[in-house]
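Residues per chain, in single letters:
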Amino acid sequence: MSQVKIRRRVSSRFLASEVRLIAVRRRNQAGLAALAAVPVVIAIAMKVAAPDRTGRGQGGGPDFFSQILSNGFFVALAGIGVELTLFLPIAIAMLAGDAVAGEANQGTLRYLLTVPVGRIRLLAVKYAGIVMGAFLAPLVVATSGILAGLLLFGGGDVTTLSGTSISFGAGLLRLLGVCLYLGVCLTALGAVGLFLSTLTEQPMGATIALTMLTVASFVLGQIPQLDWLHPYLLTQHWQDFGELLRDPVSLSALQPGLLTAGAYIAVFLCAAWARFAGRDITS
Amino acid sequence: MTDLAVASHGLTKRFGSQVAVDAVDLAVPRGAVFGFLGPNGSGKTTTIRMLLGLITPTAGGHELLGRAMPDRAADVLPRVGALVEGPGFHPYLSGRDNLRRVDAADRTAEGRTAEARIAAALDRVGLSAAAAKRYRTYSLGMKQRLAIAAALLVPRELLILDEPTNGLDPQGTREVRTLVAALAAEGSTVLLSTHLLAEVEQVCTHVGVMHRGKLVAQEPLGKLRADAAPMARVLTDQPGAAATVLRAMGLTEVTETAAEASGRLGAAAPEKVVAALVHDGVPVRGFTVQAPSLEDVFVQLTGRGFDVSS
Ligand SMILES: Nc1ncnc2c1ncn2[C@@H]1O[C@H](COP(=O)(O)OP(=O)(O)O)[C@@H](O)[C@H]1O
Ligand SMILES: [Mg+2]
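Residues numbered from 1 in each chain as written. Chains lettered and ligands numbered in written order. Predicted model: local features only at pLDDT ≥ 70, side-chain atom pairs only at ≥ 80, totals over all residues. Heavy atoms only, no water.

1. Let's talk about the UniProt feature "transmembrane region" (unreviewed entry) in chain A
Residues and elements named next belong to chain A. For clarity, the threshold we go by: UniProt positions are given in the numbering used here, feature names are shortened, and annotations may be inferred rather than shown by experiment. Numbering of helices and strands runs from the N terminus; a helix is a DSSP stretch of H or I covering at least four residues, while a strand is a stretch of E covering at least two.
Within this structure's numbering, the places UniProt gives as "transmembrane region" (unreviewed entry) are residues 30-50, 70-96, 127-153, 173-196, 203-223 and 253-274. The distance from the first to the last C-alpha atom of residues 70-96 is 38 Å, and the span holds 81% helix and 0% strand. With 91% helix and 0% strand, residues 253-274 has its two end C-alpha atoms placed 33 Å apart.

2. Digging into the site of ligand 1
Just so we agree on the cut-off: In this text, near means that some heavy atom of the residue lies within 4 Å of the molecule or strand in question. Counted as a polar contact is a pair of N or O atoms within 3.5 Å, where, for protein atoms, one must be capable of donating a hydrogen and the other of accepting one, and residues adjacent in sequence contribute only when both atoms are in side chains. Only the protein chains shown count as covering a residue, and every accessible area follows the Shrake-Rupley method with a 1.4 Å probe. Charged means Asp, Glu, Lys or Arg here, nonpolar means Ala, Val, Leu, Ile, Met, Phe, Trp, Tyr, Cys or Pro, and polar covers whatever is left, Gly included.
Lining the immediate surroundings of ligand 1 are A:T282, B:F15, B:Q18, B:A20, B:P39, B:N40, B:G41, B:S42, B:G43, B:K44, B:T45 and B:T46. In this structure, ligand 1 is bordered by residues of chains A and B. At 2.6 Å from an oxygen atom of ligand 1 is found a main-chain nitrogen or oxygen belonging to B:G41. About the coverage of ligand 1: the protein hides 66% of its 570 Å² of free accessible area. Elements with a minimum of two residues in the shell around ligand 1: strand 2 (18-24) and helix 1 (44-51) of chain B. Ranked by the residues each element gives to the shell around ligand 1, the list is headed by helix 1 of chain B, at three residues. Among the residues forming the shell around ligand 1, the class breakdown is three nonpolar, eight polar and one charged.

3. Regarding the domain arrangement of chain B
Definition in use: Segmentation into domains, and thus their bounds, comes from an automatic or database assignment.
Under the domain assignment used here, chain B contains domain 1 (4-221) and domain 2 (229-290). Distance between the C-alpha centres of domain 1 of chain B and domain 2 of chain B: 45 Å.

4. Here we look at the interface of chain A and chain B
Stated precisely, the cut-off is as follows: Contacts are assigned to residue pairs with any non-hydrogen atoms lying within 4.5 Å of each other. By convention, the term buried area covers the 1.4 Å-probe accessible surface removed from two parts as they join, with the contributions of both added. By definition here, a salt bridge exists when the distance from a side-chain nitrogen of Lys or Arg to a carboxyl oxygen of Asp or Glu is within 4 Å.
At the interface, 37 residues of chain A touch 45 residues of chain B. In terms of surface lost to chain B, no three residues of chain A exceed A:R9, A:R13 and A:Y111, which account for 19% of the buried area on that side. Between A:E18 and B:R101 there is a salt bridge, with its nearest N and O atoms 2.9 Å apart. At the junction of chain A with chain B, the criterion picks out 23 residue pairs in polar contact (both at pLDDT 80 or more). At the level of elements, helix 1 (13-24), helix 6 (101-106), helix 7 (108-114) and helix 8 (119-153) of chain A are the ones that each hand at least two residues to the side of chain A that touches chain B. By residue number, the principal contributor to the side of chain A that touches chain B is helix 1 of chain A, which donates seven residues. When grouped by side-chain class, the residues that make up the side of chain A that touches chain B number 13 nonpolar, nine polar and 15 charged.

5. Some points on the packing of aromatic side chains
Given two aromatic rings, one states the distance between the centres and the angle between the planes to describe the pair. Condition: Here a Phe, Tyr or Trp ring, Trp counted by its six-membered ring, pairs with any other such ring whose centre lies within 6.5 Å, and the pair is stacked when the planes are under 30 degrees apart, edge-to-face when over 60, and tilted otherwise. In this scheme, the term charge over a ring applies when either NZ of a lysine or CZ of an arginine sits within 6 Å of the ring centre and within 35 degrees of the ring normal.
Under the criterion given, the structure shown has ten aromatic pairs over all chains. With centroids separated by 6.2 Å and ring planes inclined at 35 degrees, the aromatic side chains of A:F64 and A:F241 adopt a geometry described as tilted. Separated by 177 residues along the polypeptide, A:F64 in the loop between helix 2 (26-48) and helix 3 (65-68) and A:F241 in the loop between helix 10 (203-222) and helix 11 (255-277) bring together distant segments of the chain. Connected via pairs of aromatic rings, a cluster forms that spans A:F64, A:F73, A:F74, A:F168 and A:F241. Of note, A:R119 hangs over the ring of A:F276, and the distance from its end group to the ring centre comes to 5.6 Å. Lying across the ring of B:Y135, B:K143 places its NZ or CZ 5.3 Å from the centre.

Rendered as structure tokens:
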């Protein structure tokens, strides 16, 4: 038999296949629909509630509820504020927990590795899928919130947290900024999830562990006696997204959150690699 | 370049205190259909996982197609098709979509030709009609076929198939045997692990016998049989007397029934045995020398029956 010439192509086929795998999964579609439903529920609830009653802000974050009645724009921000403490982290935890552990659980991991897919390449593609999800999720919440808000309360100039007024279009840009900022935060959460996913063959285990870590991190962040710990908490600066609604925007106020996220990404991607590179695949 | 498709040296894997694979020196010649035979738990799958670089050996090393593994895995594995411990696919994707995913992961495969290659692989294992069904609806036999199809997406120089007929009905088993023979005829080397003696006898040119983690024999099939001592059977109305003679002649494992005595011929020549029987006045109604079955060979090699290794 003549020797087959082996040429390795630079190709996006595997990444495209990964995106498709995530996208066609019913569970992921349902999760995305649930994320999109929350702002709609908020908008409807605000509409039917008495005009003098307004909601409260969540988890110490900025309070956007009080402004919803005057401007639908704030449905998006209220939705993001509500979902940031649990729904968005769960969505990322589902995706990240599944990344490696899901393939191991189904027995597809051994077949990918014998194709062969290099282990670093596999982690890279898996993480790329998580990152896409991390940026898509807040965007979905925001889009749904804007649509529901416009429909039920109308639009108009947006009053910033500093009390100034900006155009609706400028407001949308700020909202996009919020989504990007939270996308980075959730990307960091996804790095932790990817690491957890290399530890087990049970995707649900990794998902639950990551969700519990997030909740614990939020809780610890609320305890003043533990303020020495706060700078190290992944979730500590997530609520800083409100800084983008000030006038003028102080980007330096977002720096701590971005640096924390960057550090978590670096540490946990290295940990995932260290764990996965030489691991025995017995699944 | 060596003429071995698989060569391992002292390949060993320990799980805790248990030695699952113990200093295995595999030598699979190119072009062979190598039956990797052993009862459940004898270390076949663990060996195959090491060969493919899925797990790291505790000791020893190996080459595939003349290249050191796992260092050259990126060059070697695209030329190796593998089925390891049963099929593994995404349940909510169709059979065809699962193959698309496997093919997309292969950087050496051409995207342009993917659909044609996938269709050909599905056709080859007889799954074309069920290709659009979700994998979760497949029977065990269909799953097994899909796993074989995945190994055939591109031409392979070496196929490592771990129990490929598991879960297949007799018809499917025959089809897989025919397929393996056809692949070998096309020039692929096949390493076929199995716990079924019949499978080895029907398709393999070479056989390696695993027993409790050790490779206890490794030879061309014909030679293994020839080396094993044949059985001598004496038909007689005095089996007791015949058995005494057989023992005196150095035959082992001598047994007697109502109308015959039999034993394993060691160094004893059959004609000398017959002469001795006649000389001692044992009435000989018939005398046969039987080539041993593979099961006999296995029992000789391991001193015990072909059952689960503990
Ligand atoms: N991941 C593992 N951890 C511990 N023991 C294992 C593991 N995998 C296999 N073994 C043990 O190694 C031995 C060989 O198993 P295996 O290679 O699967 O045998 P075979 O494929 O021949 O049936 C068995 O006793 C099995 O229990
Ligand atoms: Mg096995």
